[in-house]
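One letter stands for each residue in the lines below.
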Amino acid sequence: MAGKKSPWGGGEAESGEPSGQPAADGGDASPDSPPPPPRGNGPRNPWLPPSSGEGRRGQTLEDLFKRRGGGGGGSGGPGFRLPQLPGGGSWAPVAIGIVVLLWLGTTMVHRVSPQEKGVVTTFGAYSHTIDSGVSLTLPWPIQAVTVEDVTSIRRDSIPEGDGERLMLTGDQNLVDLTYLVRWNIKDLKLYTFQLAEPDATVKEVAEAAMRQSIAEVTLNDAMGSGRASIEANVRERMQRILDAYRSGVKIQGVEIKKTDPPAKVVDAFKEVLAAQQDAQSEVNRAEQWANQLTQRAQGEATAFDKVYAQYKLAPEVTRRRMYYETMERVLSQTDKVILEAPGVMPYLPLPGLKQTPPADNTTERR
């Protein structure tokens, strides 16, 4: 392959040796081969400028930057320059000044809403508390401000979602309890620095106070009329514990939302509850009947006392009157026939006479 003409006019063979020169190993080119054309008379390299006499090579990044920059940027780049002020000065001081002003404005001026307060710290240590409005502090990182809502009521539902929270009552029964705790911040300094996680602490204290209060009552009280007293006890216990922790939190109220038996025994519990309701209904019915009998007896006793008072005034008249009234009450409930005739038959079919209209001389008197 030695002696093959280069298409780029360089007169070089594929081995990289110039044409017409002997090879490194002594060469075996044919003496009859035509002499190579003069250098520069062959086809020109299309990738090089017209005046370039160099061999074939690819373009580099430096060549591209030189071409795009027009040669004005020197040998190292495209010649890019920052814009300048009309007077010829640099914009760099102006940009730095704007950044400094923005930094001072965002870290020194603080606007606090009416329901909020802010805690100012100097190098991380407590400095003072700012109220609502616009306040000035030293720039960050010298001083920093932490703003919290101290007026709005916060609500924690325990447990969160649809979870089951079983608690043991005083009569050794389990109850599934869901309740809501309402609280807010009363001392922002204590709330910020005293406890590591004040929100989680409030939930843990609420659960401990609720379990203690439930353990003091029976299942019927927890599911019935004892809810109000349980809520008051839990609120009082929570406030006492949080004050001992110096948490800066005020408990506004506790509300029991649901008290159900465990899900595994809910069917049996419903049957027991239905039986208890039936038993209570029977007891109420018996008490009602007893009250009616007692009232009737008391009424009869009162009437007898009045009759006895009249009897002491006129015993004979009272006895006769009582006799008439008694006979009237007895005879009014029986069948009777009264005959007023001079002759009476030995046999008188009284039931038959009851079905036929009485004679003219027969009268019925009651």
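Details of the structure are given in the entry above.
Notes on the structure in this doc start here. (Residues numbered from 1 in each chain as written. Predicted model: local features only at pLDDT ≥ 70, side-chain atom pairs only at ≥ 80, totals over all residues. Heavy atoms only, no water.)

**Describing the overall build of the chain**
Move 1: Helices and strands together make up the secondary structure of the chain, namely 9 helices and 9 strands.
Move 2: The 366 residues of the chain split such that 20% are buried.
Move 3: Taking contacts inside the chain between residues at least 6 apart in sequence as the whole, the part at least 24 apart equals 60%.
Move 4: Accessible surface, the chain as shown: approximately 26800 Å² in total, 56% of it carbon and sulfur. (Helix = DSSP H or I, 4+ residues; strand = E, 2+ residues; numbered from the N terminus. Buried < 20%, exposed > 50% of the residue type's maximum accessible area, 1.4 Å probe, protein only. Contact = heavy atoms within 4.5 Å. Areas by Shrake-Rupley, 256 points an atom, 1.4 Å probe, with all protein chains shown as cover.)

**Description of the pattern of salt bridges**
Move 1: Under the counting rule described, the total for this entry stands at 13 salt bridges.
Move 2: Residue Glu207 pairs with Arg211 through a salt bridge whose shortest N-O separation is 3.3 Å. With Glu207 and Arg211 both in helix H4 (residues 198-214) and 4 residues apart, this pair spans about one turn of that helix.
Move 3: The partly exposed category is assigned to Glu207, whose relative accessible area is 24%. (Salt bridge = Lys/Arg side-chain N within 4 Å of Asp/Glu carboxyl O.)

**Here's the deal with the packing of aromatic side chains**
Move 1: Scanning all chains against the criterion turns up 3 aromatic pairs.
Move 2: With a centroid separation of 6.4 Å and 40° between ring planes, the pair formed by Trp183 and Tyr191 is classed as tilted.
Move 3: When its relative accessible area of 1% is taken as the criterion, Trp183 is described as buried.
Move 4: Residue classification places Tyr191 among the buried residues on the basis of a relative accessible area of 6%.
Move 5: For the pair Tyr323 and Tyr324, a centre-to-centre distance of 5.9 Å together with 55° between the ring planes defines the contact as tilted.
Move 6: Overall, Tyr324 belongs to the partly exposed group, its relative accessible area being 48%. (Phe/Tyr/Trp six-rings, centres within 6.5 Å; stacked < 30°, edge-to-face > 60°.)

**Thoughts on unusual backbone geometry**
Move 1: Looking along the chain, the bond that leaves Trp140 and enters Pro141 is cis, with omega of 10°.
Move 2: Turning to its location among the elements, Pro141 is positioned in the loop between strand S4 (133-136) and strand S5 (143-149).
Move 3: For Gln172, which is not glycine, the phi torsion reads 65° and is therefore positive.
Move 4: Along the chain, Gln172 turns up in the loop between strand S7 (166-168) and strand S8 (174-185).

**Some details on the packing of helix H7 (residues 266-313) against helix H8 (residues 315-331)**
Move 1: With their axes 6 Å apart at the nearest point, H7 and H8 run at an angle of 135° to one another. By the criterion of interaxial angle, the relationship of H7 to H8 is oblique. Side by side, H7 and H8 meet where Val307, Gln310, Tyr311, Lys312 and Leu313 of the first sit next to Pro315, Thr318, Arg319 and Met322 of the second.
Move 2: In the contact of H7 with H8, the residues fall into 5 nonpolar, 2 polar and 2 charged. (Axes fitted to C-alpha atoms, helices over the stretch in contact; angles between N-to-C directions. Parallel < 35°, antiparallel > 145°, perpendicular 65-115°, else oblique. Nonpolar A, V, L, I, M, F, W, Y, C, P; charged D, E, K, R; others polar.)

**A short note on the nonpolar core**
Move 1: In this structure, Tyr179, Met210 and Met238 are the most contacted members of the largest nonpolar core, which totals 29 residues.
Move 2: Those elements that provide at least two residues to this core are S8, helix H3 (188-193), H4, helix H5 (219-223), helix H6 (227-245) and strand S9 (249-260).
Move 3: Sequence-distant contacts of Met238, defined by excluding residues within four places in its chain, comprise Val181, Val202, Val205, Ala206, Ala209, Ile251 and Val254. (Core = buried A, V, L, I, M, F, W, Y, C linked by side-chain atoms within 4.5 Å.)

**Considering the environment of Leu180**
Move 1: Inspection of the secondary structure puts Leu180 in strand S8.
Move 2: Leu180 sits 26 residues away from Ala206 along the chain, and the two C-alpha atoms are 9.4 Å apart.
Move 3: Among residues more than four places away in sequence, those in contact with Leu180 are Arg155, Asp156, Ser157, Gly253, Val254, Glu255 and Lys257.

**Describing H4**
Move 1: With 17 residues, H4 extends 24 Å between its outermost C-alpha atoms, agreeing within 8% with the 24 Å of an ideal straight helix rising 1.5 Å per residue.
Move 2: Along H4, the residues that are buried comprise Pro198, Thr201, Val202, Val205, Ala206, Ala209, Met210, Ser213 and Ile214. (Expected span 1.5 Å × (residues − 1).)

**A few points about the pairing of S8**
Move 1: Within S8, 10 of the 12 residues are buried, leaving the element largely enclosed by the surrounding structure.
Move 2: When strand S6 (residues 154-158) meets S8, the two strands line up antiparallel, connected through 5 bridges. The residue bridging Ser157 from the neighbouring strand is Leu180, located in S8.
Move 3: Pairing of S7 with S8 involves 3 bridges; the strand directions are antiparallel. Note that in S8 the partner of Leu166 across the bridge is Asp176. (Pairing = 2+ DSSP bridges.)

**Notes on the pairing of strand S3 (residues 125-130)**
Move 1: Direction of pairing for strand S2 (residues 116-122) relative to S3: antiparallel, over a ladder of 5 bridges. Note on S3: the bridge partner recorded for Val119 is Thr129.
Move 2: Where S2 hands over to S3, the hairpin turn is made up of 2 residues, of which Phe123 adopts a positive phi near 55°.

**Regarding the sheet that holds S3**
Strand-to-strand pairing in sheets goes through backbone hydrogen bonds, with the strands running parallel or antiparallel.
Move 1: Overall, antiparallel pairing links the 3 strands, which are arranged S3-S2-S5 in an open sheet. Bordering the open sheet on either side are S3 and S5, each of which pairs with just one other strand. Averaged over all neighbouring strand pairs, the angle between strand axes comes to 25°, with direction disregarded.
Move 2: As paired strands, S2 and S5 are joined by 7 bridges and run antiparallel to one another. The residue of S5 that forms the bridge with Gly118 is Val147.

**As for the packing of H4 against H6**
Move 1: One way to put it is that H4 packs onto H6 with a least axis distance of 9 Å and a crossing angle of 135°. On the basis of the axis angle, H4 is oblique to H6. Remark: the crossing between H4 and H6 carries right-handed chirality. Residue-level inspection shows Thr201, Val202, Val205, Ala206, Ala209, Met210, Gln212, Ser213 and Ile214 of H4 in contact with H6, the latter providing Ile230, Asn233, Val234, Arg237, Met238, Ile241, Leu242 and Tyr245.
Move 2: Looking at the contact of H4 with H6 residue by residue, the class counts come to 12 nonpolar, 4 polar and 1 charged. (Left-handed = near helix turned anticlockwise from the far one by under 90°.)

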